[in-house]
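Observations on the three-dimensional arrangement
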Amino acid sequence: MSDPVPFVLEPFGTSADALGLQLYGDLTRQGDHLRITYQLTGNLASLVRPPQAAAGPLRCDGLWEHTCFELFLAAVGAEPYWEVNLAPNGHWNLYRLDGYRQGLRPEADREALPVAVTEGTGQLRLDLDLLLPRELAETCRQGPLQLGVTAVIEQRGGTLSYWALGHGGPEADFHRRADFLLRVEP
């Protein structure tokens, strides 16, 4: 198992302090498995969160339109990449893309994602244990996994902030491969 790789996300166009929030976490990789923890701390009363679903966590589209924790995964040098969406109510999705914003479709080999959501005073935590999609796992067995760790945070009044490891362009764009800044060995 790799040592935990810590990360800190920064909002686009403003500071975390100005929003009254901090977003950080860590990830580890063991072969075809990836574990990631997101921790959002600060003024959580300012957040808009989706309601809990009576039926439990569901696979849903459009989660990025509201508070959503995201993860982008790729093999170094390969065109396809995958996008994981996790809502604080447990809703989720896993997409495969053929290339930059092209061919978005749900990854067919998943019925659920094992995500745990816990909340305490001033802290929201999401833990995901992800078995890599088969195609990605096969490509990355001997090499590094390239990752972009991101989030969309909705605050009262409908304001969205876009958080990432880095924002290399003139607008927030989580799909920019140049911003998949982490590399994790098998």
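To be clear, the structure that these remarks concern was listed above.
Quick notes on the rules
- Residues numbered from 1 in each chain as written.
- Predicted model: local features only at pLDDT ≥ 70, side-chain atom pairs only at ≥ 80, totals over all residues.
- Heavy atoms only, no water.
- Salt bridge = Lys/Arg side-chain N within 4 Å of Asp/Glu carboxyl O.
- Helix = DSSP H or I, 4+ residues; strand = E, 2+ residues; numbered from the N terminus.
- Buried < 20%, exposed > 50% of the residue type's maximum accessible area, 1.4 Å probe, protein only.
- Core = buried A, V, L, I, M, F, W, Y, C linked by side-chain atoms within 4.5 Å.
- Contact = heavy atoms within 4.5 Å.
- Phe/Tyr/Trp six-rings, centres within 6.5 Å; stacked < 30°, edge-to-face > 60°.

A word on the pattern of salt bridges. This model, assessed by the stated rule, comprises 11 salt bridges. Two residues, Glu135 and Arg96, come together in a salt bridge whose shortest N-O distance is 2.9 Å. With Glu135 in helix α2 (residues 134-140) and Arg96 in strand β6 (residues 92-97), this pair connects stretches of sequence that are 39 residues apart. On the accessibility criterion, Glu135 (37% relative accessible area) is partly exposed.

In terms of nonpolar packing, the biggest core is built from 41 residues, with Phe69, Leu73, Leu86 and Val149 touching the most fellow members. Top contributing element to this core by residue count: strand β10 (residues 145-155), with 5 residues. If we skip the residues at most four places from it in the chain, Leu86 touches Tyr38, Cys68, Phe69, His91, Trp92, Leu113, Val115, Leu126 and Leu128. Of all hydrophobic cores here, the second largest spans 9 residues; its members include Leu97, Val152, Ala164 and Phe180.

Here we take up the packing of aromatic side chains. Two aromatic rings are characterised by how far apart their centres lie and by the angle between their planes. Considering all chains together, one arrives at 8 aromatic pairs under this definition. Arranged with centres 5.9 Å apart and planes meeting at 70°, the rings of Phe7 and Tyr38 form a pair that is edge-to-face. Within this pair, whereas Phe7 is found in strand β1 (residues 5-11), its partner Tyr38 is found in strand β3 (residues 33-42), the two being separated by 31 residues in sequence. On the accessibility criterion, Phe7 (4% relative accessible area) is buried. Ring geometry for Phe72 against Phe180: centres 5.7 Å apart, planes inclined by 40°, an arrangement best described as tilted. With a gap of 108 residues between them, Phe72 in strand β4 (residues 68-75) and Phe180 in the loop between β11 (159-164) and β12 (182-184) connect regions that are remote in the sequence. Phe180 gets classed as buried once you look at its relative accessible area, which sits at 1%.

Here we come to unusual backbone geometry. One non-glycine residue with positive phi stands out, namely Arg101, at about 55°. Within the secondary structure layout, Arg101 lies in the loop between β6 and β7 (105-106). Residue class for Arg101 comes out partly exposed when judged on its relative accessible area of 44%.

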